[in-house]
Amino acid sequence: MDEMNKLKEIVSQFIGDDANTEIKPLGKGHINDSYKVVSGGKEYVLQRINHHIFKNVPELQNNIHRVTEHIREKLEALGVTDIDRRVLTLIPTQEGALYYQDNAGDYWRVMDFIKDSKSYDEINPELAYRAGMAFGDFQKMLADLPGEPLFETIPNFHNMEARLKTFREAVEANKAGRLNQVAGLVKEIEDRAEEMCKAEKLHREGKLPKRINHCDTKVNNILFDNDDQVLCVVDLDTVMPGYVLSDFGDFIRTGANTGAEDDRNLDNISVDLDIFEAYAKGYLKNAASFLSDVEIENLAFGAKLLTYMQTVRFFTDYIDGDTYYKIAYPEHNLVRTEAQFKLLQSLEENFGEMQRIVKEAAGK
């Protein structure tokens, strides 16, 4: 069976047979393969779920189902009319399952395609403000999700203690024989290690709660309508329990960097305080109502934490011999490490101002 017929066969498990079904590749996601499906006058998204990264697909899909249904109820209660454009809609299989497993062992899912929507890779303060409101609203709507905590789709994803343990094991093993040339950077990581484990410590002391987080808060995970108003938050695979400061911090890490994530010219890299301020104001406009003082006090720290964490992750992979991240050239992971570290230094230099902005935006 050729690829197209195979895809049609998979789609039919969800929406039944239709000889006129059209399927085309969609986007360039790093993790899942996505296709746009047109069938019976309706549009859908078909995705192959990467079960090497998300090892428990039933729990993953259950998370997304619980989250989207809860948001749907909230939107209904608010009298929102275009709900199908404001939250993802999972299409069950004809048997009522949230995914389909094919003969090759691959997992598939289907969702409604959200028409007349767009996403951005570039950011400006106005978009940052709206993105802040979107992620703040997303967390706020899910703050009272009933039942068991969500499943952790990638265990210890944002756990700094676990990331440092892996890093130290990599240093110890020195698999690629690269340690001599980067000893100075290893020291920089260790000098900050204790401070960067603060969130885990606060959680153990009962001072920092775990809430439902998106865990991949990039601006391109928000859909906007044609007037640049927020429609909804997408890419929900990593939605799981975490600290709100890491969701806040990951947006700043990716959105408020004046350079590229792998910029060879470190002079390009610093924190864009206009974007930081816009995002903080948008986020706290919706989130301040349910956050604790400890959470608000640590939002700016979250930007340092996630940038440090990503520095450690790139660095670990470099020391290991580049086994995790795709690289474009041999020193790519080291360039990424140094670029993230430069951003971290800029965040450290501007930390007092960032704290002031958060305090003001929270009305403290």
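Keep in mind it's a predicted model, so treat the numbers as computed, not measured.

K.L.:
Please clarify how the state of the cysteines should be interpreted in this entry.
P.N.:
As used in these notes, a disulfide is a covalent bond between sulfur atoms, one from each of two cysteines. Per the counting criterion, the structure on display carries 0 disulfides. Cys-215 carries a free sulfur, and the closest cysteine sulfur to it, the one in Cys-197, is 17 Å from it. With a relative accessible area of 4%, Cys-215 lands in the buried category.

K.L.:
Could you clarify how one ought to interpret the pattern of salt bridges in this entry?
P.N.:
Opposite charge on two side chains permits them to pair, given that their charged atoms come into close proximity. The full count for this structure, using the stated rule, is 31 salt bridges. Where Lys-6 meets Asp-102, a salt bridge forms, and the shortest distance between an N and an O atom there is 3.5 Å. In this pair, Lys-6 is assigned in helix H1 (residues 3–15) and Asp-102 in the loop between strand S5 (100–101) and strand S6 (107–112), connecting sequence segments 96 residues apart. Note that Lys-115 and Glu-43 form a salt bridge whose closest N and O atoms lie 3.6 Å from each other. Within this pair, whereas Lys-115 is found in the loop between S6 and helix H4 (125–142), its partner Glu-43 is found in strand S3 (residues 42–49), the two being separated by 72 residues in sequence.

K.L.:
Got a minute to help me understand helix H9 (residues 273–287) in this structure?
P.N.:
Residues three or four positions apart in an α-helix share a direction because the helix packs 3.6 residues into each turn. Between its terminal C-alpha atoms H9 stretches 20 Å, which fits the 21 Å expected from 15 residues at 1.5 Å a residue. Within the sequence span of H9, burial applies to Ile-275, Phe-276, Ala-278, Tyr-279, Ala-280, Gly-282, Tyr-283, Leu-284, Asn-286 and Ala-287. Looking at the packing, one finds that the buried side of H9 touches H4, helix H8 (244–255), helix H10 (293–297), helix H11 (299–320) and helix H13 (351–361). The N-terminus of H9 is capped by Asp-272, whose side-chain oxygen sits 3.0 Å from the backbone nitrogen of Asp-274.

K.L.:
Whenever I open this one, the environment of Gln-47 confuses me. Can you help?
P.N.:
For Gln-47, the location among the structural elements is in strand S3. Here Ser-34 takes part through its side chain, which lies 3.0 Å from a polar atom of the side chain of Gln-47. Within the structure, Gln-47 has its side chain in polar contact with the side chain of Arg-109 (distance 2.8 Å).

K.L.:
Please clarify how unusual backbone geometry should be interpreted in this entry.
P.N.:
As a rule of thumb, non-glycine residues mostly have phi less than zero, and peptide bonds are mostly trans rather than cis. Phi is positive for Asn-156, close to 60°, though the residue is something other than glycine. Relative to the elements of secondary structure, Asn-156 occurs in the loop between H4 and helix H5 (160–173). Notably, Asp-228 is not glycine yet its phi reads approximately 65°, a positive angle. Here Asp-228 is to be found in the loop between strand S8 (222–224) and strand S9 (230–233).

K.L.:
Mind showing me how you'd approach the environment of Asn-174 here?
P.N.:
Along the polypeptide, Asn-174 turns up in the loop between H5 and helix H6 (183–196). In this structure, the C-alpha to C-alpha distance between Asn-174 and Ile-53, residues 121 residues apart in sequence, is 25 Å. Residue contacts for Asn-174: discarding those within four places in its chain leaves Leu-179 and Ile-319. A distance of 3.3 Å separates a polar side-chain atom of Asn-174 from the backbone nitrogen of Leu-179.

K.L.:
Which parts of the structure should I look at to understand the environment of Trp-108?
P.N.:
For Trp-108, the position within the fold is in strand S6. It is 27 Å that separates the C-alpha atoms of Trp-108 and Pro-146, two residues lying 38 residues apart in sequence. Among all residues touching Trp-108, those that are not within four sequence positions of it are Leu-7, Ile-10, Phe-14, Tyr-35, Leu-46, Gln-47, Arg-48, Tyr-99, Tyr-100 and Asp-102. Reaching out from Trp-108, the side chain makes a polar contact with the side chain of Asp-102 at a distance of 2.9 Å.

K.L.:
Could you clarify how one ought to interpret the packing of aromatic side chains in this entry?
P.N.:
How two aromatic rings sit relative to each other is set out by the distance from centre to centre and by the angle between their planes. This model, assessed by the stated rule, comprises 11 aromatic pairs. Summarising the aromatic geometry, the rings of Tyr-99 and Tyr-107 are spaced 5.7 Å apart at their centres and angled 55° between planes, so their arrangement reads as tilted. Take Tyr-99: its relative accessible area is 25%, and that puts it in the partly exposed class. Residue classification places Tyr-107 among the buried positions, given a relative accessible area of 16%. Each member of the aromatic cluster is reached from another via a ring pair, and the members are Phe-248, Phe-251, Phe-276, Tyr-279 and Tyr-283. Over the ring of Phe-113 we find Lys-36; its NZ or CZ atom is 4.2 Å from the centre of that ring. The ring of Phe-301 carries the charged tip of Lys-198 above its face, separated from the ring centre by 4.3 Å.

K.L.:
Would you mind going over the packing of H8 against H9 with me for this structure?
P.N.:
Helix packing geometry: the angle between the two helix axes and the distance between the axes. Following both chains from N to C, one finds H8 and H9 inclined at 150°, their axes separated by 10 Å at the closest point. Our pair here, H8 against H9, has a crossing hand that is right-handed. Across the interface between the two elements, Val-244, Phe-248, Phe-251, Ile-252 and Gly-255 from H8 touch Ile-275, Phe-276, Tyr-279, Ala-280 and Tyr-283 from H9. Taken together, the residues of the contact of H8 with H9 break down into 9 nonpolar, 1 polar and no charged.

K.L.:
Explanation requested: the side chain of Asn-32 in the structure shown.
P.N.:
As for its position among the elements, Asn-32 is in the loop between strand S1 (22–25) and strand S2 (33–39). Engagement of the side chain of Asn-32 in a polar contact is seen with the backbone nitrogen of Asn-50, the distance being 2.8 Å.

Calculation notes
Residues numbered from 1 in each chain as written. Predicted model: local features only at pLDDT ≥ 70, side-chain atom pairs only at ≥ 80, totals over all residues. Heavy atoms only, no water. Disulfide = S-S within 2.5 Å. Buried < 20%, exposed > 50% of the residue type's maximum accessible area, 1.4 Å probe, protein only. Salt bridge = Lys/Arg side-chain N within 4 Å of Asp/Glu carboxyl O. Helix = DSSP H or I, 4+ residues; strand = E, 2+ residues; numbered from the N terminus. Expected span 1.5 Å × (residues − 1). Contact = heavy atoms within 4.5 Å. Polar contact = N/O pair within 3.5 Å; in protein donor to acceptor, adjacent residues only side chain to side chain. Phe/Tyr/Trp six-rings, centres within 6.5 Å; stacked < 30°, edge-to-face > 60°. Lys NZ or Arg CZ within 6 Å of the ring centre and 35° of its normal. Axes fitted to C-alpha atoms, helices over the stretch in contact; angles between N-to-C directions. Left-handed = near helix turned anticlockwise from the far one by under 90°. Nonpolar A, V, L, I, M, F, W, Y, C, P; charged D, E, K, R; others polar.

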